[in-house]
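Secondary and tertiary structure notes
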Amino acid sequence: MSKNYYEVLGVDKKATSDDIKKAFRKLAQKHHPDKGGDESKFKEITEAYSILSDDKRRREYDSYGQTFPGGNQNAGAGGFDFSGFQNGNIEFDLSDLFEGFGDIFGAGNARGGGRNKRGRDISIDIEVTFKESIQGVTRKVLITKVGTCDICSGSGAKPGTEMKTCETCNGAGRIHETRNSPFGTFASVRNCPTCEGSGKIPKEKCATCQGRGVKKQEEEIKVVIPAGLDSGEMIRMPGLGEAVKGGTSGDLYVKVHVKPHPVFAKHGLNLVMDMPLKLTDALLGTQVTVETVDGKKLEVKVPPMDKTEETLRLKGRGVHIESAQGDLLIRLSVSMPKKLSTKTKKAIEDLKSEGL
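Residues numbered from 1 in each chain as written. Predicted model: local features only at pLDDT ≥ 70, side-chain atom pairs only at ≥ 80, totals over all residues. Heavy atoms only, no water.

1. Description of the overall build of the chain
Each helix and strand in the chain was counted, giving ten helices and 16 strands. Here the chain, with 356 residues, has 38% of them falling under the buried criterion. Restricting to contacts in the chain with at least 6 residues of sequence separation, those with at least 24 account for 61%. For the chain, the exposed area adds up to about 21900 Å²; of that, 49% sits on carbon and sulfur atoms. (Helix = DSSP H or I, 4+ residues; strand = E, 2+ residues; numbered from the N terminus. Buried < 20%, exposed > 50% of the residue type's maximum accessible area, 1.4 Å probe, protein only. Contact = heavy atoms within 4.5 Å. Areas by Shrake-Rupley, 256 points an atom, 1.4 Å probe, with all protein chains shown as cover.)

2. Quick word on the sheet that holds strand β9 (residues 234-237)
The strand order β2-β10-β9 describes an open sheet built from three strands, whose pairing is mixed. Only two strands of the sheet have a single partner each, and these edge strands are β2 (122-128) and β9. Each neighbouring strand pair of the sheet contributes to a mean axis angle of 25 degrees, computed without reference to strand direction. (Pairing = 2+ DSSP bridges. Axes fitted to C-alpha atoms, helices over the stretch in contact; angles between N-to-C directions.)

3. Let's talk about the side chain of lysine 215
Positionally, lysine 215 belongs in strand β8 (residues 214-225). Here lysine 215 sits buried without a salt bridge, and the closest side chain of opposite charge, aspartate 150, lies 4.3 Å off (N-O distance). Once residues lying within four places of it in the same chain are set aside, the contact partners of lysine 215 are Lys145, Val146, Gly147, Cys149, Asp150, Thr208 and Cys209. (Lys, Arg positive; Asp, Glu negative; His and termini not counted. Salt bridge = Lys/Arg side-chain N within 4 Å of Asp/Glu carboxyl O.)

4. Side note on the environment of glycine 268
By secondary structure assignment, the location of glycine 268 is in the loop between β11 (265-267) and β12 (270-278). Counting along the chain gives 38 residues from glycine 268 to aspartate 230, while the straight-line C-alpha distance between them is 8.5 Å.

5. Re the packing of aromatic side chains
Scanning the model with the defined rule gives three aromatic pairs in all. Here the aromatic rings of phenylalanine 24 and tyrosine 49 are separated by 4.5 Å at their centres, their planes lie at 25 degrees, and the arrangement is stacked. Of this pair, phenylalanine 24 sits in helix α2 (residues 17-31) while tyrosine 49 sits in helix α3 (residues 39-52); the two residues are 25 residues apart in sequence, bridging distant segments of the chain. Tyrosine 49 matches phenylalanine 24 in its accessibility class, with the two residues each being buried. Each member of the aromatic cluster is reached from another via a ring pair, and the members are Tyr5, Tyr6 and Tyr61. (Phe/Tyr/Trp six-rings, centres within 6.5 Å; stacked < 30°, edge-to-face > 60°.)

6. Some words on the pattern of salt bridges
Enumeration according to the criterion identifies 16 salt bridges in this entry. The partner of arginine 120 in a salt bridge is glutamate 242, with the nearest N and O atoms 3.2 Å apart. Note that arginine 120 is positioned in the loop between α7 (102-105) and β2 and glutamate 242 in the loop between β9 and β10 (252-258), a separation of 122 residues in sequence. Taking the relative accessible area as the measure of exposure, glutamate 242 reaches 11% and is therefore buried. A single salt-bridge network, built from bridges that share partners, covers Arg118, Asp121, Arg236 and Asp251.

7. Quick notes on the pairing of β10
Looking down a regular strand, the side chains alternate between one sheet face and the other. Side chains Leu252, Val254, Val256 and Val258 of β10 all project onto a buried face; the interleaved residues Tyr253, Lys255 and His257 project onto a face where none is buried. Bridge analysis of β2 against β10 gives seven bridges, and the strand direction is parallel. Within β10, the residue paired with valine 128 across the bridge is valine 258. Here β9 runs beside β10; their pairing, made up of four bridges, is antiparallel. Bridging from a neighbouring strand, isoleucine 235 pairs with valine 254 of β10.

8. Section: the packing of α2 against α3
Two numbers describe how α2 lies on α3: the axes approach to 10 Å, and their chain directions differ by 165 degrees. By the angle class used here, α2 and α3 are roughly antiparallel. Regarding α2 and α3, the two cross each other, and that crossing is left-handed. Residues Ile20, Lys21, Phe24, Leu27, Ala28 and His31 of α2 form the contact with α3, whose participating residues are Lys41, Phe42, Ile45, Thr46, Tyr49 and Leu52. Split into classes, the residues belonging to the contact of α2 with α3 amount to eight nonpolar, two polar and two charged. (Parallel < 35°, antiparallel > 145°, perpendicular 65-115°, else oblique. Left-handed = near helix turned anticlockwise from the far one by under 90°. Nonpolar A, V, L, I, M, F, W, Y, C, P; charged D, E, K, R; others polar.)

9. Describing a nonpolar patch on the surface
A cluster of nonpolar side chains, Leu279, Leu283, Leu284 and Met336, forms an exposed patch at the surface whose accessible area comes to about 430 Å². For leucine 283, a relative accessible area of 53% corresponds to the exposed category. (Patch = residues over 30% accessible without salt bridge, like charges linked within 9 Å, V, L, I, M, F, W, Y side chains within 5 Å.)

10. Details of the side chain of aspartate 251
Within the secondary structure layout, aspartate 251 lies in the loop between β9 and β10. Judged by relative accessible area, which is 5%, aspartate 251 ranks as buried. There is a polar contact of 3.0 Å between the side chain of aspartate 251 and the backbone nitrogen of glycine 239. Contacts of aspartate 251, omitting those with residues within four sequence positions, involve Arg118, Arg120, Asp121, Ile122, Arg236, Met237, Pro238, Gly239, Leu240 and Gly241. (Polar contact = N/O pair within 3.5 Å; in protein donor to acceptor, adjacent residues only side chain to side chain.)

11. Digging into unusual backbone geometry
Among all residues except glycine, the phi angle is most often negative; among peptide bonds, the trans geometry is most common. Positioned with a positive phi, asparagine 170 is a non-glycine residue whose angle comes to about 55 degrees. Along the chain, asparagine 170 falls in the loop between β4 (163-165) and β5 (174-181). Accessibility expressed as a relative area gives 67% for asparagine 170, which makes it exposed. Of note in this structure, glutamine 210 is not a glycine but carries a positive phi near 60 degrees.

12. Let's talk about the confidence of the model for the chain
Per-residue pLDDT for the chain has a mean of 81; in total, 82% of the residues score no lower than 70. A low-confidence stretch, residues 67-114 (pLDDT under 50), is modelled with 94 contacts involving residues beyond four sequence positions or located in other chains. (pLDDT = per-residue confidence, 0-100.)

Have a look at this one:
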C-alpha cells in the first residue's frame, strides 16, 4: 500500500507550502534521533517533506501517487521516483528545511545569522582551611584568561570609530554555499567568517585586541565559598569563563580543597571529635574543656560511662547554614593505663572482690 505523504505530515491535501513547512518542523523536532526520537519515523517525515515542498513533484505525486506511469526503473522504496536526485537536477535547500533547528543540530538559526557562540569553560583550584570551609569565606584570585577587551568593549573597533557593513556577506551575517552530491545540489548557510555573523566590521581595528574584541589578560575574580562546603566540591560561576567575540562567555568552575583539621572531622552538618578519658574519669564522670573550631572554649560535663565507647552530642554546635545547623559529636573512649602501681593493683583487686 502506497504512503500518503499528507497523512505522514498530518496536513490536508489543500495545505499551503507554509502549512507543510510548519508541520514538518514540529514533527522533526519531536522525532529527530538526536532528541531521542524514532529514526525511521524521522526519515519518513523527511521524505514526505522533500516531495510536498517541491511544487513540481507535489503535482506529480497528486496526479500519480508514488508510482509514475511506465514503471520507471529508478523508482525507490514504495515506488517513488528518485531519479531526480540521482541525475543531480534538483536543488534541495537545507537552510530552508532545517530553519529553527539550532537546538538539534548545534548550528543555530540559519536565517538569524548562525549559532550563538559561547566561550570556553575554565576551572581553578582553591585550598581553604577547615575553619574557612565551616564558616564560609570570600577569596580574591588572579587568573589569566581570554576576556572582553576593555578598550573597545568587545566590538573590535578602535574607540571613536564606526562600524561598516561587511563586504563578504553584504551585512547578512551569513553566506550561502551550494554543494553537488550524488543526490543533487544542496544549498547550505553558515556564519560569515569575516564578520563572525554580526554583519558589520570595524572601519579601524582596535590596536589592543587587533580587532578580535577579546584578548588574553589577567583578571581578579571574587570567589564566595559558602559555609559547609566539603573538600572536592565544585562552585560554578556563570559567565566568568573565557569570552568570545559576538557571543556569551563560558563558565568558571572552582574546585575547593579543604585542609584537614588535627581535631575535628565533618560528617554532613555535624562536627566530630575524639576524646579519650582516663579510666577513673570514665567511671566517675568528669568535666572537660573543649575548644571549638572558631577558638571558643566550652565547659562540657561528661557523665559516668556505661560502656567503653560512647558519644556525647552537643546540639547546635556543628555547621551552621541558612536552613539548618548540625551538632558537635564527642566520641568518648576509655584510655587504659599502661602500667599499674602496687597501690593501684590493690585497689583494683578490692574492686574485683566486690564483683566489679
